[in-house]
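A structural walkthrough
Spelled out, the chains give:
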Amino acid sequence: MLRLYDYLLSANCYKPRLLLSMLDVPHDLVPVEFYPGREHESAAFRKINPLGHIPVIEDDGFILRDAHAILVYLAGEYDPARTWYPTADPRLLGGVASWLQFAEGTADTASAARLCVNFGYEFDLEACVAGAHRLFRVLDEHLWFREQEGLDWVAPAAAPTVADIALFPDVALSEEGGISREDYPSLRRWTERVQRLPGFIDMPGVLPVAPLPYPPT
């Protein structure tokens, strides 16, 4: 069975945990005490990932690190419809890849601010917050234009992709790092759409939202 080396409060670990739930993939969670024990930096864990980072997956002997690489693997291996990682459409796939790269930026700013505030990491908090707001403005505007086209997701697809999963925790947990989403209405609507997806699971700081009324009022 697939195993995910996981820390409950990690935004990066939440990304594959969330996709595994949405894909309904059986898996075991292997807790790694990221804080305060810093078990991910231990000699034992470095035998699994020499870089000392989480998350890591182990799937029938195949070991893969890095949250976004894991998302790509899970979508390719466990989504026969190929909607989460749309390899059949090169243009759409390129768009997904570009937003995965964008998500590296939100991880380095919004999530880094959260690590600074909650876990004592010595980052430049002011720079992280400013960088997150710069990226959030870009993403909010992008999502607004998507909505005008009748599209709900980051990539120009009818269904969500791994790009949405890669971005979601960095955005949804941003206020824990002192980054308000008050000025980003399209971004807030998008986070609620993700929270209503089948298979959505919560984590501390991110809860499901109430379903929309049907028929809409």
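All values reported here derive from a predicted model rather than from experimental measurement.

Conventions and cut-offs
Residues numbered from 1 in each chain as written. Predicted model: local features only at pLDDT ≥ 70, side-chain atom pairs only at ≥ 80, totals over all residues. Heavy atoms only, no water. Helix = DSSP H or I, 4+ residues; strand = E, 2+ residues; numbered from the N terminus. Contact = heavy atoms within 4.5 Å. Lys, Arg positive; Asp, Glu negative; His and termini not counted. Charge placed at Lys NZ, Arg CZ, Asp CG, Glu CD. Pairing = 2+ DSSP bridges. Axes fitted to C-alpha atoms, helices over the stretch in contact; angles between N-to-C directions. Left-handed = near helix turned anticlockwise from the far one by under 90°. Nonpolar A, V, L, I, M, F, W, Y, C, P; charged D, E, K, R; others polar. Phe/Tyr/Trp six-rings, centres within 6.5 Å; stacked < 30°, edge-to-face > 60°. Domains from an automatic or database assignment. Buried area = accessible area lost by both parts, 1.4 Å probe. Salt bridge = Lys/Arg side-chain N within 4 Å of Asp/Glu carboxyl O. Expected span 1.5 Å × (residues − 1). Buried < 20%, exposed > 50% of the residue type's maximum accessible area, 1.4 Å probe, protein only. Polar contact = N/O pair within 3.5 Å; in protein donor to acceptor, adjacent residues only side chain to side chain.

Here we come to the overall build of the chain. Counting its secondary structure elements, the chain contains 7 helices and 4 strands. Across the chain, helices and strands are ordered from the amino to the carboxyl terminus as β-α-β-α-β-β-α-α-α-α-α. A sequence separation of at least 24 residues applies to 64% of the contacts in the chain between residues at least 6 apart. Between the centroid of the 18 positive side chains of the chain and the centroid of its 31 negative side chains there is a distance of 2 Å.

So, about the sheet that holds strand S2 (residues 27-31). Taken together, the 4 strands give an open sheet; going across it, the order is S2-S1-S3-S4, and neighbouring strands pair in mixed fashion. Looking at which strands have only one partner, the edges of the open sheet turn out to be S2 and strand S4 (62-65). Across the sheet, the mean angle separating the axes of adjacent strands is 20° when strand polarity is ignored. Against the sheet, helix H1 (residues 11-23) engages strand S1 (2-6) and S2, with an angle of about 150° to S1.

Residue position: Ile57 is located in strand S3 (residues 56-59). For the pair formed by Ile57 and Leu4, sequence separation is 53 residues and the distance between their alpha carbons is 4.5 Å. Apart from residues no more than four positions distant in its own chain, Ile57 is found in contact with Leu2, Arg3, Leu4, Phe62, Ile63, Leu64, Ile70, Tyr73 and Leu74.

Looking now at the packing of helix H3 (residues 67-78) against helix H6 (residues 162-172). Closest axis-to-axis distance for the H3/H6 pair is 10 Å, and the angle between their directions is 145°. In this structure, H3 crosses over H6, and the sense of that crossing is right-handed. Side by side, H3 and H6 meet where His68, Leu71 and Ala75 of the first sit next to Val162, Ile165 and Ala166 of the second. Residue composition of the contact of H3 with H6, grouped by class: 5 nonpolar, 1 polar and no charged.

What follows covers the packing of aromatic side chains. Describing an aromatic ring pair means giving the distance of the ring centres and the angle of the ring planes. Within the structure shown, the criterion is met by 9 aromatic pairs. Taken together through their ring pairs, the aromatic side chains of Tyr14, Phe168, Trp190 and Phe200 make up a single cluster.

Here the chain is partitioned into domain 1 (2-78) and domain 2 (90-195). The C-alpha-based centres of domain 1 and domain 2 are spaced at 21 Å. With 17 residues of domain 1 at the interface, the matching set in domain 2 holds 17 residues. A buried area of about 1,400 Å², summed over both sides, lies between domain 1 and domain 2, and 72% of it is on carbon and sulfur atoms. At the surface where domain 1 touches domain 2, the tally comes to 1 salt bridge. A salt bridge links Asp170 to Lys15, with the shortest nitrogen-to-oxygen separation between them at 3.2 Å.

Moving on, we come to H1. Taking 1.5 Å as the rise per residue, H1 with 13 residues should run 18 Å; its terminal C-alpha atoms sit 19 Å apart, in good agreement. Among the 13 residues that make up H1, 11 are buried, leaving the element largely enclosed by the rest of the structure. By the burial criterion, the buried members of H1 are Ala11, Cys13, Tyr14, Lys15, Pro16, Arg17, Leu18, Leu19, Leu20, Met22 and Leu23. Looking at the buried positions of H1, the neighbouring elements they touch are S1, S2, H3, helix H4 (90-119), H6 and helix H7 (185-195). For H1, the side-chain oxygen to backbone nitrogen distance between the N-cap and Asn12 is 3.3 Å, and the N-cap itself is Ser10. Looking at the residues trailing H1, positive phi occurs at Asp24, about 55°.

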